[in-house]
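# Close look at the chain arrangement
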Amino acid sequence: MMILRILEFFIFPGALFAIVLSVILMWLVRKLAARMENRVGPPFLQPLYDFAKLLAKERVYPEKSMRLVLWLIPILQFSVALTMSLFLPIISPEGLISFDGDLFFFLFLLGIHGSSAFFLGWMSNNPYGGSGSGRAVLIELSFEIPLSLSLAGIANVARSMRISEITLYMAGVFFTFGSFGKILLIIPWSLLLIISLISTLGALEYNPFSAGHAETEIVAGWMTELTGPDLALVKMSEFLNLTNLSVLIAALFLGGPPVYEIGLYTRFVTFLVFLVKTLLVVFALAFIKTISSRLRVDQSTEGMWKYLLPLALGGVILILLIQQYGGA
Amino acid sequence: MSITKYLVAGKTALVNLFSKPNTVLFPNEMVETSEDYRGTPVLVPENCTLCKKCERICPTLAIKIEKLGDVEHQFIIDLGRCCYCGECEAVCNFDSIHLQNVWMTAEMDREKLKRISTVYKRRKK
């Protein structure tokens, strides 16, 4: 049993599976974006080729930079992203790690991941890195609160702070449209879903909020001075974060892997349903990423604080009101 | 950017998703050029009367007509100098020079860019 448990952590549905899934999802995002822009797009294994090539390259550090930080933070980002992937409900509503309040521990790890980018850019003694890291941390500060609020709203619907319990509740809610209040909940649900999708674009530094590594302007932003394996780890943690956030949104908003009792194939069907829901979220992300153009950092911060945050707050209050008076 | 522009962009993206990509796999396929594309100038030696109008009008001195024998002339079009302006085609009264839609002209040697053809002077009737 012990060996099985260890295998679960390291192979399926643990670390190795998360890495494979994130490479595939990254390819899917790139391919979808390319097809929507009328291009052909990369071949299936391209993200893996990129990763392998970067691993084989040498490390080059700029003068007067803090080498220890440049060496440590990619490892930190990768391990944080890998830890986050252990919370994900993949073959059952319960992730490998599950405890009360793990939703907010997940968000805490996301915060660590985002703010570590600031130190990376700052310590690399490069003007592009410096300005990129400043932008990255501004966007990080702006999307974190709407994302947390929208997830808090969903946690309120399920009356739990545990990812597995929220997933179970949301998987069941589609079949039990009992009262009028529950149908009314669709309004704040869709509002919070859109808000969390937009905030996810900020977390992944995708297109409307990609000012942190604006390619034509500040080279690669906070990762300008990264080379070789360091860059590979940062890229891989970016891939992993795509998986983490899309699976989390699929779980919390769409119900993730439900529990159907179909005898022998229960786990397989659960896994399949999970995949379909995740792909839906990834498609939505790629779609928004493609149709939008990059905002300036002040525009994106303003948009998040002025419009996204009040909307998220309104959604949470709407949920509380419906629960109080609608009998949901 | 207003919301309608986002809607238009979204519709375009969805249409593109289900249509054939614009990308062309170059050495095997090529992008089709338009009818009046100005590519390499090609001489039709049968029509040429050696009036040398094209040699005079060529702004980059790409056309050179050299006398070899009594009736034999060498008509040299140097693609390395040619700027594909189409003046020679416009000035020719006998339809003997055309800018065709051939655009792959890369060579390893500059001398190979010279397109040489022989023109025989016609006797006056």
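Heads up: these notes are all about the structure in this document. Quantities reported herein were computed from a predicted structural model and do not represent experimental measurements.

## Description of the nonpolar core
Formed by 94 residues in total, the largest nonpolar core has its most connected members in A:Leu103, A:Leu151, A:Ile166, A:Leu242, A:Leu252 and A:Phe253. A total of 16 residues in this core trace back to one element, the largest contributor, which is helix 11 (residues 228-254) of chain A. Counting 18 residues, the second largest nonpolar core, distinct from the first, contains B:Phe75, B:Ile77, B:Cys82 and B:Cys88.

## Focus: the packing of helix 9 (residues 186-203) of chain A against helix 13 (residues 297-326) of chain A
Residue and element names in this part refer to chain A. At a closest axis distance of 9 Å, the pairing of helix 9 and helix 13 adopts a crossing angle of 145°. Seen along the crossing, helix 9 lies across helix 13 with a hand that is left-handed. Of helix 13, the residues touching helix 9 (which contributes Ile187, Pro188, Leu191, Leu192, Ile195, Ile198, Ser199 and Gly202) are Met304, Leu308, Leu311, Ala312, Gly315, Leu318, Ile319 and Ile322. Partitioning the contact of helix 9 with helix 13 into residue classes produces 13 nonpolar, 3 polar and no charged.

## Here we look at empty space enclosed by the protein
Residue and element names in this part refer to chain A. Under the definition given, this model contains 3 cavities of 30 Å³ or more. As a volume, the largest cavity reaches approximately 230 Å³. For the lining of the largest cavity, the secondary structure elements donating two or more residues are helix 5 (102-123), helix 6 (127-158), helix 9 and helix 11. The class makeup of the residues in the lining of the largest cavity is 11 nonpolar, 6 polar and 3 charged.

## A word on the interface of chain B and chain A
Contact with chain B, which involves 12 residues of that partner, is made by 11 residues of chain A. Taken over both partners, the interface formed by chain B and chain A buries close to 1,100 Å², and the fraction arising from carbon and sulfur atoms is 62%. Looking at the side of chain B facing chain A, the largest losses of area belong to B:Tyr6, B:Asn16 and B:Leu17, adding up to 42% of the total buried there. Our count for the contact surface shared by chain B and chain A stands at 0 salt bridges. The interface formed by chain B and chain A holds 5 residue pairs in polar contact (both at pLDDT 80 or more) in total. For the side of chain B that touches chain A, a count of residues per class yields 6 nonpolar, 5 polar and 1 charged.

Reading the values: rules and limits
- Residues numbered from 1 in each chain as written.
- Chains lettered and ligands numbered in written order.
- Predicted model: local features only at pLDDT ≥ 70, side-chain atom pairs only at ≥ 80, totals over all residues.
- Heavy atoms only, no water.
- Core = buried A, V, L, I, M, F, W, Y, C linked by side-chain atoms within 4.5 Å.
- Buried < 20%, exposed > 50% of the residue type's maximum accessible area, 1.4 Å probe, protein only.
- Helix = DSSP H or I, 4+ residues; strand = E, 2+ residues; numbered from the N terminus.
- Axes fitted to C-alpha atoms, helices over the stretch in contact; angles between N-to-C directions.
- Left-handed = near helix turned anticlockwise from the far one by under 90°.
- Contact = heavy atoms within 4.5 Å.
- Nonpolar A, V, L, I, M, F, W, Y, C, P; charged D, E, K, R; others polar.
- 1 Å grid on protein atoms, 1.4 Å probe; cavity = no way out; pocket = protein on both sides within 12 Å on 5 of 7 lines; lining within 4 Å.
- Points joined across faces, edges and corners; volume = space filled by probe spheres on them.
- Buried area = accessible area lost by both parts, 1.4 Å probe.
- Salt bridge = Lys/Arg side-chain N within 4 Å of Asp/Glu carboxyl O.
- Polar contact = N/O pair within 3.5 Å; in protein donor to acceptor, adjacent residues only side chain to side chain.

Such coordinate-based values are descriptive only and should not be taken to indicate function.
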